[in-house]
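# Breakdown of the fold
The primary structure of each chain is shown beneath.
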Amino acid sequence: IFDKQHFKYIILGGGVAAGYAAKEFTRQRLLPGELAIISKEAVAPYERPVLTKSYLFPNEPARLPSFHVCVGSGEEILLPEWYKEKGIELIIGTEIVKADLASKMLISASGKIYTYQTLIIATGSKAVKLTDSGVQGADAKNIFYLREISDADMLVEAIRTKNKGKVVVIGGGNIGLEVAAAMRINKFDVSMVYREQWCMAGLFSPTIASFYEGYYANKGVKLIKDTVAVEFEADLNGQVKKVKLKNGKVLQADIVVVGIGARPLTELFEGQVEEEKGGIKIDGLFRTSVQDVYAVGDVATFPMKLYNDMRRVQHVDHARQSAEHAVKAIKAREDGKSIEEYQYFPFLYSSYFDLSWIFCGDNVGEPVVFVDAQYNTTRPSPTKPKFGTYWINNGKVVGAFLEGGTAEEIEGIAKIVSLQLEAQRDRLEIYGMLVAGLYG
Ligand code: FAD
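Residues numbered from 1 in each chain as written. Predicted model: local features only at pLDDT ≥ 70, side-chain atom pairs only at ≥ 80, totals over all residues.

Under an unreviewed UniProt entry, the name given to the protein chain is monodehydroascorbate reductase (NADH), and the organism recorded is Ziziphus jujuba. Note on the protein chain: under the UniProt heading Catalytic activity (unreviewed entry), the record states "2 monodehydro-L-ascorbate radical + NADH + H(+) = 2 L-ascorbate + NAD(+)". Heading Function (unreviewed entry) of the UniProt record for the protein chain holds this comment: "Catalyzes the conversion of monodehydroascorbate to ascorbate, oxidizing NADH in the process." (UniProt positions renumbered as here; feature names shortened; annotations may be inferred.)

Written as structure tokens, this is what we have:
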């Protein structure tokens, strides 16, 4: 006997994109019983970025239901009851282990079959693990990754039991920086180890990075650059105790948190759908190479019209926007109408300690640093964290970064970059902040 269920729409994955897509379905037109969200996670869609930030804080940590979607865009929080009221089936705690796109069928780990008319793939990414590359001892206890709320819960438990011990954070990207800050706030002795010469090397210029590195050092975080972990040693209980680095150093550790990147979850569809740049290839209306199958969020490689390029973006702003746009495209198609193709303008943000930055556009060309006009220097000062960087390419501003900006300045900067204003380096160096304020 087959246990089978059919839906007009299935969203596979119950993360950020799924939640924003569900909301958009209800804004458009949705009948009870038409939509199901199938998720491996045990909870309704939530704002994932919270997991490395306030979820880990010692005082008044963020807990569900306070950060279910769509709180991140300032809209109503979609509690599990909301899905029920709208007649949306929230099939949580359910992993899909096989997808057959030709026969429009998904099969769960427990053997249940789900069929659909239209599928939206929103499986997101998974953390790259040290065990993937065979690092010795990397399967020891208390080595953590952060992707899902269950991962964060295990780290929270370790924070409680290892109370103020030693933490080694591996990876100098955003996850590494955020977790290192959170662990320091929890009064752990924190070391960060990363392969690159400076942190957030994919985004930050060396000047931007040197500000954050100085700030972290002032907060007591030890930064060990230009090396990687090659071996972990555990005690008799299998709990991690030491981290050996390629440069010969050995670090004591009660907790290790690894943030070395994320890979899109495309395995289920391998050989069934066209892929590009590691993700599922879609067009400007989120259509994959298979009829009635769409992809959104981290997993999708889409035409980035602004840069005439195919790209994959692993940021929450894109997850939200792509989900909404995909649902609009699906609905328009059903109604025989046409809508504009997706025009994504990259916008990302993060926060550590009492700092917070935004970045928009593309970080290509020459970076030009500017600081708050009251401080007559072209280097950001660690005491007054307000500065930025514009990237100039072929005489135009194509990207911008801003630490500590006001809402108006952030808006101004985004405008300058999206308009690709022509600018001169020396002017921007002096008037960069002022210009941001003027456009805001
Ligand atoms: P996800 O939100 O990852 O959701 C995917 C969902 O699919 C998950 O629920 C997963 O369990 C489920 N799934 C996958 N495979 C299956 C399967 N086979 N069966 C059933 N379910 C499945 N971005 C920023 O811009 N700023 C930040 O500060 C920031 N911080 C972050 C902090 C952390 C800890 C993480 C992990 C990410 C952060 N991001 C940040 C990135 C951002 O959260 C992602 O880009 C976003 O969540 C992508 O949304 P998504 O819906 O595509 O995937």
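Once you've had a look at it, read on.
## Some details on the overall build of the protein chain
When helices and strands are tallied, the protein chain shows eight helices and 26 strands. Its C-alpha atoms give the protein chain a radius of gyration of 23 Å, near enough to 22 Å, the size a compact globule of 440 residues would have. Residues classed as buried in the protein chain amount to 44% of the 440 residues present. For the protein chain, long-range pairs separated by at least 24 residues make up 63% of all intrachain contacts whose partners lie at least 6 apart in sequence. (Helix = DSSP H or I, 4+ residues; strand = E, 2+ residues; numbered from the N terminus. Rg over C-alpha atoms; globule rule 2.2 N^0.38 Å. Buried ≥ 20, exposed ≤ 12 C-beta atoms within 10 Å, placed from the backbone. Contact = placed C-beta atoms within 7 Å.)

## Section: the domain arrangement of the protein chain
What the domain assignment reports for the protein chain is domain 1 (4-126 + 263-334), domain 2 (130-260) and domain 3 (354-439). Computed from C-alpha coordinates alone, the two centres of domain 2 and domain 3 are separated by 30 Å. The residue inventory of the side of domain 2 that touches domain 3, partitioned by class, reads four nonpolar, four polar and no charged. (Domains from an automatic or database assignment. Nonpolar A, V, L, I, M, F, W, Y, C, P; charged D, E, K, R; others polar.)

## Things to note about the pairing of strand 1 (residues 4-12)
Two elements, strand 1 and strand 6 (residues 113-121), share eight bridges in a ladder whose sense is parallel. Bridge pairing in strand 6 links Ile11 to Ile120. Direction of pairing for strand 1 relative to strand 2 (residues 35-38): parallel, over a ladder of four bridges. The partner of Tyr9 across the bridge, within strand 2, is Leu35. Read from strand 1 through helix 1 (residues 16-28) to strand 2, the crossover connection turns out right-handed. (Pairing = 2+ DSSP bridges. Right-handed = clockwise from strand over helix to strand, strands pointing away.)

## Brief notes about the site of the ligand
Residues in contact with the ligand amount to 37 residues; listed here are only the nearest, Gly13, Gly15, Ala17, Gly124 and Gly297. Within the residue set of the shell around the ligand, elements represented by two or more residues are helix 1, helix 6 (316-334) and strand 22 (347-352). Partitioned by chemical class, the residues of the shell around the ligand number 17 nonpolar, twelve polar and eight charged. Three or more residues apiece are contributed to the shell around the ligand by two domains, here domain 1 (4-126 + 263-334) and domain 2 (130-260). (Near = placed C-beta within 6 Å.)

## Digging into helix 7 (residues 407-418)
One full turn of an α-helix is made of 3.6 residues, so residues set three or four places apart face in the same direction. The first and last C-alpha atoms of helix 7 sit 17 Å apart over twelve residues, in line with the 16 Å expected at 1.5 Å per residue. Taken as a whole, helix 7 has its buried residues at Glu409, Ile410, Gly412, Ile413, Ala414, Ile416 and Val417. Structurally, helix 7 contributes buried residues whose contacts are with strand 22, strand 23 (355-361), strand 25 (387-393), strand 26 (396-403) and helix 8 (425-439). Directly beyond the C-terminal end of helix 7, a positive phi value near 50° is found at Gln420. (Expected span 1.5 Å × (residues − 1).)

## Regarding helix 1
The first and last C-alpha atoms of helix 1 sit 19 Å apart over 13 residues, in line with the 18 Å expected at 1.5 Å per residue. With ten of 13 residues buried, helix 1 lies mostly within the body of the structure. Next to the buried residues of helix 1 lie strand 1, strand 2, helix 2 (80-85), strand 6 and helix 6.

## Quick notes on the packing of helix 7 against helix 8
For any two helices packed against each other, the geometry comes down to the angle between their axes and how far apart the axes lie. Relative orientation of the contacting elements helix 7 and helix 8 amounts to 95°, with a least axis distance of 6 Å. On the basis of their axis angle, the class for helix 7 and helix 8 is roughly perpendicular. Listed contacts from helix 8 to Glu408, Glu409, Gly412, Ile413, Lys415 and Ile416 of helix 7 are Met433, Val435, Ala436, Gly437, Leu438 and Tyr439. When its residues are assigned to classes, the contact of helix 7 with helix 8 shows seven nonpolar, two polar and three charged. (Axes fitted to C-alpha atoms, helices over the stretch in contact; angles between N-to-C directions. Parallel < 35°, antiparallel > 145°, perpendicular 65-115°, else oblique.)

## Remarks on the nonpolar core
Among the nonpolar cores identified, the biggest contains 133 residues, and Ile10, Ala21, Ile121, Ala122, Val256 and Val296 are the most heavily contacted of them. With sequence-adjacent residues up to four places away left out, Ala122 is seen in contact with Ile11, Leu12, Gly13, Gly15, Ala17, Ala18, Ala21, Val296, Gly297, Val299 and Ala323. (Core = buried A, V, L, I, M, F, W, Y, C linked by C-beta atoms within 7 Å.)

## Notes on the UniProt feature "domain: FAD/NAD(P)-binding" (unreviewed entry) in the protein chain
Those residues carrying the UniProt feature "domain: FAD/NAD(P)-binding" (unreviewed entry) are residues 7-323 in this numbering. The span residues 7-323 shows a helical share of 21% and a strand share of 29%, and its end C-alpha atoms are spaced 18 Å apart.

## Looking at the environment of Arg287
One can find Arg287 in the loop between strand 18 (279-281) and strand 19 (293-295). With residues near it in sequence (within four places) discarded, Arg287 still touches Ile282 and Tyr294.

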